[in-house]
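# Close look at the chain arrangement
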Amino acid sequence: MPRTPARKRVSKQKEESTVKVRKEGIRIKQENTDENYDILQKSIREKLFDNQLPETHAFKEQKKHLLEILKRCVKLGESNSALLIGPRGAGKSMLIKDTLKEVHAAIDVGKNLLQVHLNGLLQTDDRIALKEITRQLKLDNVVGDKVFGSFSENLAFLLDALKAGSKESKPVLFLLDEFDLFAHHHNQTLLYNLFDICQSAQTPIVVIGLTCRLDVVELLEKRVKSRFSHRQIHVFNTLTFEEFMDVAETKLQLPNDFQDKCFMKQWNNEVKMAFKNTTIIDVIQRHYDLHKDIRSLHLVLIYPISKVTALNPHLSAANFVEVSKLRSLDAKPALLHGVSVLQLCLIIAMRHLMDITEGDPFNFEMVYNEYQKFVQKKSHSIQSYDKAIVLKVMFVVSIFLVL
C-alpha cells in the first residue's frame with residue numbers, strides 16, 4: 001500500500017489534537033457552568049430560607065428598642081420584659097435573630113448572655129417548660145441531685161445556680177414564642193415567676209414574648225399583669241409594592257463575593273430583566289394584594305429558582321404563573337384528585353356517618369350499609385359493587401385518609 005507523506009501525517013495529527021483540545025475545553029466549560037448553577041441554587045436557597053431582615057425592611061425603631069433592652073441587661077444587669085406583637089409572617093423572629101446577631105457583634109458578650117427559647121406549641125404546660133429550661137441551661141445534673149416541692153422553688157434554684165461565685169449572675173434571655181399559649185397554662189406559674197424575677201434584684205433576665213394577638217395582655221392574670229413592664233413593640237407589614245419588588249429581586253441576586261464574577265454579573269442582569277416582565281410583575285402584584293409578608297414571598301420565589309439549570313438558564317414567567325396557580329389551589333379538592341367513583345362514594349358515606357354519629361367511631365358494616373342506601377338512591381347512575389370489592393377499596397381509602 002502507498003504510504004501517507006510525512007507532512008500529511010503531521011497535519012492530520014495536529015488536526016486531531018486540535019479537535020481533542022476543543023472537546024476538552026468544551027467539556028471543562030460545561031462542567032464549570034454546571035458547577036456555577038449548582039452554587040447558584042445553593043446560594044439563593046440559603047438566602048430564601050435564612051431568617052434575615054432585608055435592608056428595606058429593617059424595622060429600625062423596633063430594633064433600636066430591642067437593642068436598648070438587651071444592652072442594658074448585658075452591661076448593667078438590668079432585668080426587663082417586653083412583648084413583640086405582629087401578624088404571622090411580619091418578621092418578628094427575623095427581627096429577634098437580627099437583633100441578637102448585632103448584640104453579639106457590638107458588645108463583648110462572649111458566653112455571658114445565655115438564651116432560652118421556648119414555644120407555646122411545644123411546651124404545653126409549665127412542667128414541660130421547666131424541663132426545657134433546665135436542658136437549655138445545661139443544669140440537668142444539678143437538678144438531679146435536688147428534690148423540690150413546688151415549681152417556683154425549682155425555677156428559683158435554677159436561676160440561683162447561674163451565679164458564678166460573685167455578686168452578679170449571668171444575664172439570661174428568655175424568648176417565648178406563641179406567648180399567648182403560655183397565658184393559658186394553669187395559674188400562669190411560669191409567667192408569674194419570670195416576671196417576678198424581672199421586678200426583683202435577682203438574676204438579671206430579659207423576657208421577650210412573641211405573639212400575633214393584640215389582646216394578649218388581657219389574657220394575663222392580675223398578679224402577672226402587675227409584674228409585667230407593659231412594653232409592647234408592634235411589628236407590621238408596611239412595605240409598598242415597589243419595596244416588595246425590590247426585596248424579591250434582591251433575594252434572587254447573587255452576592256458580590258460569588259467566585260465567578262462574570263457569571264454573577266450575567267445572572268444579576270438576568271434577574272433585573274426578568275423583573276421587568278409584565279407577567280412576573282402581575283403575579284407578584286396578586287401575591288402582594290393577598291400577602292405582604294416576606295415569608296410567603298420566599299415560598300413563591302423558591303419554585304422558579306428550582307427550575308433554573310444549565311440547560312434552562314433563565315427565569316421563566318411560566319414558572320411564576322405555575323406557582324401562583326399552585327398557591328391558589330384549594331387543598332381539599334386537590335386531595336381527592338384522581339380517586340375512583342367507588343372510593344369517592346365510600347368517602348361520602350363515611351362523611352355522612354360522621355354527621356349521624358356525631359364523631360363516634362364506626363365500622364365497615366356501617367359504612368357498607370350507608371353505601372348501599374346511597375347506591376339505591378342513585379341506581380340509575382352509579383354501579384353497585386360486591387361486598388368483597390368494597391372491603392378492599394375501603395382498606396385503600398382508610399390508608400389514604402390516615403396519610
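Residues numbered from 1 in each chain as written. Predicted model: local features only at pLDDT ≥ 70, side-chain atom pairs only at ≥ 80, totals over all residues. Heavy atoms only, no water.

With that out of the way, let us pick up the environment of threonine 134. The topology assignment puts threonine 134 in helix H4 (residues 126–136). Taking relative accessible area as the criterion, threonine 134 reaches 9% and is therefore assigned buried. (Helix = DSSP H or I, 4+ residues; strand = E, 2+ residues; numbered from the N terminus. Buried < 20%, exposed > 50% of the residue type's maximum accessible area, 1.4 Å probe, protein only.)

One finds Ile44, Leu252, Leu254, Trp267, Ile284, Ile305 and Leu315 to be the most contacted residues of the largest nonpolar core, which totals 33 residues. Broken down by secondary-structure element, the contributors of at least two residues to this core are helix H1 (6–49), helix H10 (241–252), helix H11 (261–274), helix H12 (278–290), helix H13 (294–306) and helix H14 (317–328). The element best represented in this core is H10, accounting for 6 residues. Excluding its chain neighbours within four sequence positions, the residues that come into contact with isoleucine 305 are Leu40, Gln41, Ile44, Leu48, Leu252, Trp267 and Leu315. (Core = buried A, V, L, I, M, F, W, Y, C linked by side-chain atoms within 4.5 Å. Contact = heavy atoms within 4.5 Å.)

A cluster of nonpolar side chains, contributed by Leu335, Leu336, Leu344 and Ile348, occupies part of the molecular surface with about 330 Å² of accessible area. If you trace the backbone, leucine 336 turns up in the loop between helix H15 (331–335) and helix H16 (341–357). (Patch = residues over 30% accessible without salt bridge, like charges linked within 9 Å, V, L, I, M, F, W, Y side chains within 5 Å. Areas by Shrake-Rupley, 256 points an atom, 1.4 Å probe, with all protein chains shown as cover. Salt bridge = Lys/Arg side-chain N within 4 Å of Asp/Glu carboxyl O.)

Bringing the pairing of strand S1 (residues 80–85) into the picture now. Burial runs high along S1: 6 of the 6 residues are buried. Going residue by residue along S1, you find Asn80, Ala82 and Leu84 tucked away on one face and Ser81, Leu83 and Ile85 tucked away on the opposite face as well. As paired elements, S1 and strand S5 (residues 232–234) share 3 bridges and run parallel to each other. When the bridges of S5 are listed, leucine 83 appears paired with glutamine 232. (Pairing = 2+ DSSP bridges.)

Here H13 contains 13 residues, and its C-alpha end-to-end distance of 18 Å stays within 8% of the 18 Å for a straight helix at 1.5 Å per residue. By the burial criterion, the buried members of H13 are Ile294, Ser296, Leu297, His298, Val300, Leu301, Ile302, Pro304 and Ile305. One side-chain oxygen of the residue at the start of H13 lies 3.0 Å from the amide nitrogen of serine 296, identifying that residue as aspartate 293. (Expected span 1.5 Å × (residues − 1). Polar contact = N/O pair within 3.5 Å; in protein donor to acceptor, adjacent residues only side chain to side chain.)

Parts of the model with low pLDDT should not have their predicted coordinates read in detail. Summarising the model, the chain shows a mean pLDDT of 79, and 80% of its residues fall at 70 or more. Contacts for the low-pLDDT stretch residues 19–31, under 50 throughout, to residues beyond four places or in other chains number 1 contact. (pLDDT = per-residue confidence, 0-100.)

Turning to the pattern of salt bridges, a few remarks are in order. Here the structure, examined in full by the defined rule, presents 12 salt bridges. Between arginine 72 and glutamate 68 there is a salt bridge; the shortest N-O distance is 3.7 Å. One end of the pair, arginine 72, and the other, glutamate 68, are both in helix H2 (residues 60–76), 4 residues apart, so they sit about a helical turn from each other. Since its relative accessible area comes to 33%, arginine 72 is described here as partly exposed. For glutamate 68, a relative accessible area of 42% translates into the label partly exposed. Between lysine 387 and glutamate 365 there is a salt bridge, with the nearest N and O atoms lying 2.8 Å from each other. Of the two residues, lysine 387 sits in helix H18 (residues 387–402) while glutamate 365 sits in helix H17 (residues 364–377), which places them 22 residues apart along the sequence.

Turning our attention to H14. Taking 1.5 Å as the rise per residue, H14 with 12 residues should run 16 Å; its terminal C-alpha atoms sit 17 Å apart, in good agreement. What H14 keeps buried is the set Ala317, Asn319, Phe320 and Val323. Within H14, the buried residues cover an arc of 160 degrees as seen down the axis, which keeps them to one side. Exposed side of H14, more than 90 degrees from the buried face: Ala318, Lys325 and Ser328 are the residues found there. Where H14 is buried, its residues meet H12 and H13. Its side-chain oxygen 3.2 Å from the backbone nitrogen of alanine 318, serine 316 forms the N-cap of H14. (Arc of directions from axis to C-beta.)

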